[in-house]
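Residues per chain are reported as follows:
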Amino acid sequence: MIGRPLLHTDYAKDMALHNTFSKKLVFWLIVLAGLALPQILQDTELHLLSIGCIAAIGAIGLGLVTGYAGQVSLGHAFFLGVGAFTSAFVSGDPAGRVYGLGITNLVVWLPVAGLVAMLAGVIVAPLATRLRGLYLALVTLGLVFIGQHIFNEWAKMTGGGGVGRSAATLDLFGYSLSKADSIGTPEQKIFWLAFLLLLIFAIAARNLTRSGVGRAFTAIRDRDIAAGVIGVSLPKYKTIAFAISSFYAGCAGALLYALIGHIEPGAFSLVLSVEYIAMVLIGGPGTISGAIAGAFFITLLPRLTRDIQPLIPFISTAPDEMPNIYQVQTILYGVLIIGFLIFEPRGLVGIWFRIRSYWKNWPFSY
Amino acid sequence: MTVLTFEDVHLSFAGVKAIDGVTFHVGQNELFAIIGPNGAGKTSIFNVLSGVYRPQAGRVTFNGADLKGKRPHEIAALGMARTFQNVELFANLTVLENLTLGRHHHLRYGTLAALLWLGKARRDEIAHRRKAEEIIDFLELEQWRRYPVGLLPYGVQKRVELGRALAMEPKLLLLDEPVAGMNQEETEDMARYILDIRDELQLPIILVEHDMGLVMDLADRVMVVDFGQTVATGLPSDIQHDPAVIKAYLGVTS
């Protein structure tokens, strides 16, 4: 089996999710690492990793609509916002300053947040069936601005611009994840939850992409006229792409702010959309593992620059001195996107592909 | 029995009359060829048939269904498959994925089932894989199965495109210049596949082609078009000697 990993005796085995021994091995190693990490790492690092897991769910969503179906969307921040505020609304205190339903159970507010965002996605989708490329990107950009306006002005729902409201509570059938107990610290429990959810969302996305739906997405991306002629309904599959993408975004938005604890309407700006596009581009568009890798990369980047800072003497930590660490972070963002687009358009996953084929062909160079 | 009727169709782009009153019909198991000089409107006829263009006037009936106002994917679902003059494959996908995409309108599971990949979705996918493998077998594409089609030689890409059309299990096959740009050997291979398709699968075919040798050898009937109008329709042997056809191709001395 290890000697001839591509030898399959029936189609079911060939088409399995992990159809080679090494894929299976890597998958279970990742699961093992996910289970073990909370025992090894500090709580602050775990918190960061949890945020990475949740950001990865959002990035997978954007990857489906932009990387797979080829519909460039700058509106991801809007869907993240819809999810975040919906969850806060469902779980919020009914007697409080802002609207709330008082249903604090994650099992309720998470799907509701996803579904409301999905509804928003379905409403936006007809634009995608009429527009292509840059025009669609511009229209989805408009969505971000409309969203920002609503989030800022609808103070009864969102707390209002600059103020915000507290996010959904991490509560499972009355069991609170944000209190320390015999099972572990809040950070440990939250990491396990985030990791489990990432696994579920990632596997579902992977299933989707290897099915007829995923093939239809790539067909639309590569040649939309030919896709129509061979029987792919363009309006239907563009709508499905937007619906699923915004469902993922809604869930990610809800969880992300539940982890942070407070939602501020100003967060859902174009910058957030660009951050997610950077995750997809740097990770590798058109792959699920790429979106995950990109999400972790972007989430951990500020932490990395902070760790590197002492090694580079002329960069200051004070925000009022000139080359400071925050500027370096912003610049690094741009440099990385440009660098990846020019030198490795397939992203982090592309680097992995190169390493893999190098060792596959070793000792020959090609 | 008539599979397709194309009645007095008019299609124009601003002042240009791409199709100007063309009429023809295609029967069961017939290999019907359309020839004509460049810009005569052959590909426009195909684009009207597959729903990419909408004609201003005329009537197209396919197996009793009126194609007026139907979108490309609806026409595909009725059983019309086509290949393109310039290969229109999904270059980043493998041969296998391209062929399976041809089976798209035979898929019987929904998006939710796809997300879970359980039961119906899994069984359906495996069944379609088996069908795609039959096409691979038929067109001798085994060695290319897992290659992204963008990396394959042109002749093989043309064959994959034919395969994708066949995977649709069509009731009518439209071939737009299947041997354009091919060498002698590739042309003969393709001719063999076309004959196999007609004889083994009992499929009516409409063929647009510039290779006169191929058209005269394979076609049951030939229609000649020029400037969007029918010049002549008939048996290949009659067409070759038709003065109007010779005039369209070579011109006349005054």
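J.: Where do I start with empty space enclosed by the protein in this structure?
T.: Remark: the empty space left among the atoms is shown by a probe the size of a water molecule rolled over them. Residue and element names in this part refer to chain B. What the rule picks out here adds up to two cavities of 30 Å³ or more. Roughly 50 Å³ of volume is contained in the largest cavity. Every residue lining the largest cavity is listed: Thr 83, Phe 84, Lys 158, Glu 161, Leu 162, Leu 175, Asp 176, Glu 177, Pro 178 and Met 190. Contributions of two or more residues to the lining of the largest cavity are made by helix 6 (154-167) and strand 7 (172-176). Broken down by element, the lining of the largest cavity gets its largest block of residues, three residues, from helix 6. Along the lines of polarity and charge, the residues of the lining of the largest cavity split into five nonpolar, one polar and four charged.

J.: Would you take a moment to explain the interface of chain A and chain B for this structure?
T.: Accessible area lost on assembly of the parts is the figure often given for the size of an interface. In this complex, chain A contributes 33 residues to the contact, which on the side of chain B involves 37 residues. Regarding the contact of chain A and chain B, the summed buried area is about 3000 Å², with carbon and sulfur atoms giving 66% of it. If you sort the residues of chain A by the area they bury against chain B, Tyr11(A), Arg215(A) and Ile230(A) come out on top, with a joint share of 25%. Here chain A is connected to chain B by four salt bridges. A salt bridge links Glu88(B) to Arg223(A), with the shortest nitrogen-to-oxygen separation between them at 2.9 Å. At the boundary of chain A and chain B, one finds twelve residue pairs in polar contact (both at pLDDT 80 or more). For the side of chain A that touches chain B, the secondary-structure elements that each account for two or more residues are helix 1 (11-14), helix 8 (186-210), helix 9 (212-222), helix 10 (224-229) and helix 11 (234-260) of chain A. When residues in the side of chain A that touches chain B are grouped by element, the largest group, eight residues, is from helix 9 of chain A.

J.: Help me understand the layout of surface pockets, please; the structure alone is not making it clear to me.
T.: Approximately 530 Å³ is the volume found for the second largest pocket. Lining the second largest pocket are 17 residues; nearest its centre among them are Thr129(A), Leu234(A), Pro235(A), Arg71(B) and Pro72(B). For the lining of the second largest pocket, the secondary structure elements donating two or more residues are helix 5 (106-130), helix 10 and helix 11 of chain A together with helix 2 (72-78) of chain B. Split by residue class, the lining of the second largest pocket holds seven nonpolar, four polar and six charged.

J.: Whenever I open this one, the pairing of strand 8 (residues 205-208) of chain B confuses me. Can you help?
T.: Side-chain positions along a regular strand alternate between the two faces of the sheet. All names here are of chain B. A two-sided burial pattern is seen for strand 8, the buried positions comprising Ile 205 and Leu 207 on one face and Ile 206 and Val 208 on the other. Sheet topology note: the strand 3 (residues 31-35)/strand 8 ladder contains four bridges and is parallel. Note on strand 8: the bridge partner recorded for Phe 32 is Ile 206. Two strands pair when backbone bridges link them, and strand 7 and strand 8 are joined in this way by four bridges, in the parallel orientation. The residue of strand 8 that forms the bridge with Leu 173 is Ile 205.

What counts as what
- By convention here, each chain's residues receive numbers from 1 onward along its written sequence.
- Working convention: letters from A go to chains and numbers from 1 go to ligands, in the order in which they are written.
- For a predicted model such as this one, the threshold for reporting local features is a pLDDT of at least 70, and the threshold for listing and counting side-chain atom pairs is 80 or more; totals across whole chains, interfaces and linings nevertheless cover every residue.
- The side-chain quantities take in all heavy atoms of the structure and omit both hydrogens and water.
- Any residue with an atom within 4 Å of a point lines the site, the site being either a cavity, points on a 1 Å grid over the protein atoms alone where a 1.4 Å probe fits but cannot get out, or a pocket, an open set with protein on both sides within 12 Å along at least 5 of 7 lines.
- Grid points are joined across faces, edges and corners, and a volume is the space filled by probe spheres set on the points.
- Put simply, DSSP H or I for four residues or longer makes a helix, DSSP E for two residues or longer makes a strand, and each gets a number counted from the N terminus.
- Classes in brief: Ala, Val, Leu, Ile, Met, Phe, Trp, Tyr, Cys and Pro nonpolar; Asp, Glu, Lys and Arg charged; the others, Gly included, polar.
- In what follows, residue pairs with any heavy atoms lying within 4.5 Å of each other are defined as contacts.
- We define buried area as the total accessible area lost by two parts upon association, computed with a 1.4 Å probe and summed across both.
- Within this document, salt bridges are pairs made up of a side-chain nitrogen of Lys or Arg and a carboxyl oxygen of Asp or Glu, the two lying within 4 Å of each other.
- Under the rule applied, a polar contact is a pair of N or O atoms within 3.5 Å (in protein, one hydrogen donor and one hydrogen acceptor; residues adjacent in sequence only if both atoms are side-chain atoms).
- Working definition: with a 1.4 Å probe on protein chains only, accessible area under 20% of the residue-type maximum means buried, over 50% means exposed, and in between means partly exposed.
- Only when DSSP finds a minimum of two bridges between them are two strands counted as paired.

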